[in-house]
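One letter stands for each residue in the lines below.
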Amino acid sequence: DRVTFSAARALLRRFGVDNLLAELVSAGYVNEVGQLNSGTKPFNVFARVANGTLKQPGMEDENALLGSEWQQRFMIACNLPEPDTHWA
């Protein structure tokens, strides 16, 4: 909601974007050049799909809906089946 988002944004401004980036790098979520880690520790399914390391069979139709122009910049990814069971 708007109130929670505003509070999170204010907290980030106090903490600082550079400090947040340093935390993400030290935790291994982001590499030294500021890109999401697409390795396996920590495992980020969406970073791996985005860089082509992980293929998601069954998402071809969804991505085709983007059209050729938007497919150059965006992709549609889905969660892995195991985490999706928690949303049922």
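Residues numbered from 1 in each chain as written. Predicted model: local features only at pLDDT ≥ 70, side-chain atom pairs only at ≥ 80, totals over all residues. Heavy atoms only, no water.

A. A look at the overall build of the protein. The number of helices and strands found in the protein is six helices and zero strands. Dimensions along the principal axes, computed over C-alpha positions, put the protein at roughly 45 × 35 × 30 Å. Here the protein, with 88 residues, has 11% of them falling under the buried criterion. Within the protein, residue pairs in contact and separated by at least 24 positions form 19% of the contacts whose partners lie at least 6 positions apart. In the form shown here, the protein has an accessible surface area of approximately 7,300 Å², with 58% of it arising from carbon and sulfur atoms. Separation of charge centres in the protein, based on 8 positive and 10 negative side chains, amounts to 10 Å. (Helix = DSSP H or I, 4+ residues; strand = E, 2+ residues; numbered from the N terminus. Buried < 20%, exposed > 50% of the residue type's maximum accessible area, 1.4 Å probe, protein only. Contact = heavy atoms within 4.5 Å. Areas by Shrake-Rupley, 256 points an atom, 1.4 Å probe, with all protein chains shown as cover. Lys, Arg positive; Asp, Glu negative; His and termini not counted. Charge placed at Lys NZ, Arg CZ, Asp CG, Glu CD.)

B. Just unusual backbone geometry, in detail. Here the amide bond leading from Lys 41 into Pro 42 is cis, since omega sits at -5°, within 30 degrees of zero. Mapped onto the fold, Pro 42 is located in the loop between α2 (17-27) and α3 (45-50).

C. Region of the structure containing the confidence of the model for the protein. In this model, the protein carries a mean pLDDT of 91, and residues with pLDDT of at least 70 account for 99%. Helix α6 (residues 81-84) is the least confidently modelled element of the protein, averaging 81 in pLDDT, while helix α1 (residues 2-15) averages 96, the highest of any element. (pLDDT = per-residue confidence, 0-100.)

D. The packing of aromatic side chains, seen in detail. Tallied over the entire structure, the rule returns one aromatic pair. Here the aromatic rings of Trp 70 and Phe 74 are separated by 5.7 Å at their centres, their planes lie at 40°, and the arrangement is tilted. Classification of Phe 74 as partly exposed rests on a relative accessible area of 42%. (Phe/Tyr/Trp six-rings, centres within 6.5 Å; stacked < 30°, edge-to-face > 60°.)

E. How the structure looks around the environment of Leu 65. Tracing the backbone shows Leu 65 in the loop between α4 (60-64) and α5 (67-71). Each C-alpha atom of the pair Leu 65 and Pro 83 lies 25 Å from the other, and the pair is 18 residues apart in sequence.

F. The side chain of Asn 63, seen in detail. Examined against the element boundaries, Asn 63 turns out to sit in helix α4. Taking relative accessible area as the criterion, Asn 63 reaches 16% and is therefore assigned buried. Look past the residues within four positions of Asn 63 in its chain and what remains in contact with it is Gln 71, Met 75 and Ile 76.

G. Seen up close, the side chain of Asn 37. The residue Asn 37 is located in the loop between α2 and α3 in this model. A distance of 2.8 Å separates a polar side-chain atom of Asn 37 from the backbone oxygen of Gly 28. Not counting chain neighbours up to four residues away, the residues in contact with Asn 37 comprise Gly 28, Tyr 29, Val 30, Pro 42, Asn 44 and Ala 47. (Polar contact = N/O pair within 3.5 Å; in protein donor to acceptor, adjacent residues only side chain to side chain.)

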